[in-house]
Amino acid sequence: MNNNILSNRILNLSESATLEMTRLSRELISNGIDVITLSIGEPDFDTPMNVKEAGKMAIDNNITHYPPVPGFMELREAIAKKLKRDNNLEFNANQIVVSTGAKHSLINVFMCILNDGDEVVIPAPYWVSYPEMVTLSGGKPVIVDTTIDCDFKVTPEQIESAITSKTKAFLFNSPSNPTGSVYSYDELEAIAKVLAKYPDVLIVADEIYEYINFGGEHFSLASFPEIKDQIVIVNGVSKGMAMTGWRIGYIAAPLFIAAACTKLQGQYTSGTGTISQMAALEAVSTDPKTSEEVQNMVRAFRERRDLLIELVKDIPGMKSNIPDGAFYLFPDVSYYYGKSNGDAVISNSTELCMYLLNNAHVALVPGEAFGSPECIRISYATSKEMITEAVNRIKAALTKLS
Ligand code: PMP
Ligand code: GLU
């Protein structure tokens, strides 16, 4: 049998560039090459001890049977309390659906709302999986470009001019992957005001980097009463609680969206792993403001950001803004396009990333995958020593291009 059997759906789907670059770097590492992997967006910190203990307790207490499809009620109630504690938002536990990572939460929503040709407005740079998820669900991504000079932020006017009669949703992410941009309260309010004019447009607000914010308090887009009824918050424990491998994400949504996602995952997954859910219960019950682990992690990310920005200043032609959150820098590297090391001309960010992987042994992600071909993404979720070494290597390799 050959691969003719594969569906158009899967043939048209791109491999996740973040995971692809990480796979390539792991392949080189397994061949004995000393690669510094700055391609994957995950905290290099371990899951807090109390959370790990909760997972162990779940095993010891035989919490190992099928869970309720939308998640344990205790966990959904704890998430509702977390939304009140951190975001001053009122959600009922039955508006919350727990899934296998925020990635799963997002695709659940798109699968539930999109018919063929329905549009989803997505500001670029965007996280790699957004347009693929929309397309997979039959929808059409409508990309709104932003620039480094505007801190990669979309304006209310841009959003309004992208909305058509086919728009089903607007996808918003702050703090942002890949740019690290964080919208201020005033910027959020202006966006909310415009979206309130379109009550049939669902707002999907991905707040997964909520805790990794160097500028102060995180404001949820759902804070604005005029749009509260049209918003789905997507969040999870992967980033803020260093729990990427536990695979727990959730939505807080209008009741009919929560019911639809529950119906969908009832056929897809039967709910997410019980041990992870019990660990997540402990995680969401932990106040980040008083958690030493969370505070230390955020402090470390901030110091690394400052270090990376200083180091990158020394690389000719690399232009960067100052991200206020997440753990990514997204510099413009187009200065290097058209240059060559004598072998081949580098004409785009994918070729530049492959050049840096093979010559500098540093894995990064090309901006093309995020809808910004002039940039590359550097994840600084690694030690200061590694960041310094990686930038030295990148600089040395780029210096060879002319
Ligand atoms: N949204 C954004 C912006 C992300 O960077 C990630 C990380 N992969 C996710 C959602 C999904 O996170 P997870 O599935 O690990 O909860
Ligand atoms: N969110 C992370 C990243 O962007 C994890 C990898 C992924 O799921 O794409 O690198």
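Above this text you will find the structure in question.
Each chain carries its own residue numbering, running from 1 in the direction its sequence is written. As they are written, the chains are lettered A onward and the ligands numbered 1 onward, keeping that order. For a predicted model such as this one, the threshold for reporting local features is a pLDDT of at least 70, and the threshold for listing and counting side-chain atom pairs is 80 or more; totals across whole chains, interfaces and linings nevertheless cover every residue. The side-chain numbers reported here are obtained from all heavy atoms of the structure, hydrogens and water having been left aside.

### Some remarks on the site of ligand 2
Here is step 1 of the chain: For this purpose, a residue is taken to be near a molecule or strand whenever a single non-hydrogen atom of the residue falls within 4 Å of it. In the neighbourhood of ligand 2, 13 residues make up the surrounding shell, with Thr18, Gly41, Lys103, Lys239 and Arg377 lying closest.
Here is step 2 of the chain: N or O atoms within 3.5 Å of each other form a polar contact, as long as, within protein, one can give a hydrogen and the other can take it, and as long as residues adjacent in sequence are counted only when both atoms are side-chain atoms. A distance of 2.7 Å separates an oxygen atom of ligand 2 from a polar side-chain atom of threonine 18.
Here is step 3 of the chain: The separation between an oxygen atom of ligand 2 and a polar side-chain atom of lysine 103 is 2.7 Å.
Here is step 4 of the chain: Three classes are used, and their members are as follows: Ala, Val, Leu, Ile, Met, Phe, Trp, Tyr, Cys and Pro are nonpolar, Asp, Glu, Lys and Arg are charged, and the others, Gly among them, are polar. Class assignment for the residues of the shell around ligand 2 results in 5 nonpolar, 5 polar and 3 charged.

### Details of the pattern of salt bridges
Here is step 1 of the chain: By definition here, a salt bridge exists when the distance from a side-chain nitrogen of Lys or Arg to a carboxyl oxygen of Asp or Glu is within 4 Å. The full count for this structure, using the stated rule, is 20 salt bridges.
Here is step 2 of the chain: Close ionic contact of glutamate 210 with lysine 82 constitutes a salt bridge, the shortest N to O distance being 2.9 Å. Of this pair, glutamate 210 sits in the loop between strand 6 (202-206) and strand 7 (231-236) while lysine 82 sits in helix 4 (residues 73-87), and the two are 128 residues apart along the sequence.
Here is step 3 of the chain: Across the pair lysine 319 and aspartate 149 runs a salt bridge, and its minimum N-O distance is 3.2 Å. With lysine 319 in the loop between helix 11 (292-312) and strand 9 (328-329) and aspartate 149 in the loop between strand 4 (140-145) and helix 7 (156-162), the pair connects residues that are 170 residues apart, well separated along the chain.
Here is step 4 of the chain: Buried, partly exposed and exposed residues are distinguished by accessible area as a fraction of the type maximum, computed with a 1.4 Å probe on protein chains only: under 20%, between the cut-offs, and over 50%, respectively. On the basis of relative accessibility, which here comes to 41%, the residue lysine 319 falls in the partly exposed class.
Here is step 5 of the chain: For aspartate 149, a relative accessible area of 63% translates into the label exposed. What counts as a helix is a DSSP run of H or I of at least four residues, what counts as a strand is a run of E of at least two, and both are numbered from the N terminus.

### Brief notes about the sheet that holds strand 4
Here is step 1 of the chain: Pairing between strands is defined by DSSP: at least two bridges between them are needed. Taken together, the 7 strands give an open sheet; going across it, the order is 2-8-7-6-5-3-4, and neighbouring strands pair in mixed fashion. Because the sheet does not close on itself, it has two edges, and the strands there are strand 2 (96-99) and strand 4. In this sheet, adjacent strand axes meet at a mean angle of 20° when their direction is disregarded.
Here is step 2 of the chain: Two residues qualify as a contact provided that any one of their heavy atoms is within 4.5 Å of a heavy atom in the partner residue. Only the stretch in contact is used when fitting a helix axis, every axis being a line fitted to C-alpha atoms; angles between N-to-C directions are given from 0 to 180 degrees. Docked against the sheet, helix 4 engages strand 2, strand 7 and strand 8 (249-252), running at close to 115° with respect to strand 2.

### Concerning helix 13 (residues 384-399)
Here is step 1 of the chain: In a regular helix each residue adds 1.5 Å, so 16 residues correspond to 22 Å; helix 13 covers 22 Å between its end C-alpha atoms and thus fits that length.
Here is step 2 of the chain: Regarding helix 13, the residues found buried are Ile387, Ala390, Val391, Arg393, Ile394, Ala397 and Leu398. Projected onto a plane normal to the axis of helix 13, the buried residues spread over an arc of 165° and lie on a single side. Structural note: helix 13 exposes Glu385 and Thr399 on the side pointing more than 90 degrees away from its buried face.
Here is step 3 of the chain: On the buried face of helix 13, the contacting elements are strand 1 (36-37), helix 11, helix 12 (349-360) and strand 12 (362-363). Multiplying 1.5 Å by the residue count of a helix minus one yields the expected span of that helix. Each C-beta atom gives one direction from the helix axis, and the arc is the one those directions make.

### So, the pairing of strand 2
Here is step 1 of the chain: The alternating pattern of strand 2 places Ile96 and Val98 on one face and Val97 and Ser99 on the opposite face, and all of these are buried.
Here is step 2 of the chain: Alignment of strand 2 against strand 8, held across 4 bridges, turns out to be antiparallel. The residue bridging isoleucine 96 from the neighbouring strand is alanine 252, located in strand 8.

### A look at the packing of aromatic side chains
Here is step 1 of the chain: Centres within 6.5 Å make a pair out of two Phe, Tyr or Trp rings, where for Trp the six-membered ring is used; the pair is then stacked when the planes are under 30 degrees apart, edge-to-face when over 60, and tilted otherwise. Under the counting rule described, the total for this entry stands at 13 aromatic pairs.
Here is step 2 of the chain: Here phenylalanine 152 and phenylalanine 330 contribute two aromatic rings whose centre-to-centre distance is 5.7 Å and whose plane-to-plane angle is 65°, an arrangement assigned as edge-to-face. Of this pair, phenylalanine 152 sits in the loop between strand 4 and helix 7 while phenylalanine 330 sits in the loop between strand 9 and strand 10 (339-340), placing them 178 residues apart in sequence. The two residues phenylalanine 152 and phenylalanine 330 agree in class, both being buried.
Here is step 3 of the chain: Aromatic pair phenylalanine 327 and tyrosine 328: ring centres 5.0 Å apart, planes at 55°, arrangement tilted.
Here is step 4 of the chain: Through a chain of ring-to-ring contacts, the aromatic side chains of Phe45, Tyr209, Phe301, Phe327 and Tyr328 assemble into a single cluster.
Here is step 5 of the chain: Between the NZ or CZ atom of lysine 153 and the centre of the ring of tyrosine 183, over which it lies, the distance is 5.6 Å.
Here is step 6 of the chain: Over the face of the ring belonging to tyrosine 335 we find lysine 339, whose NZ or CZ atom lies 4.6 Å from the ring centre. For a lysine, the NZ atom is tested; for an arginine, the CZ atom; a charge sits over a ring if that atom is within 6 Å of the ring centre and within 35 degrees of the ring normal.

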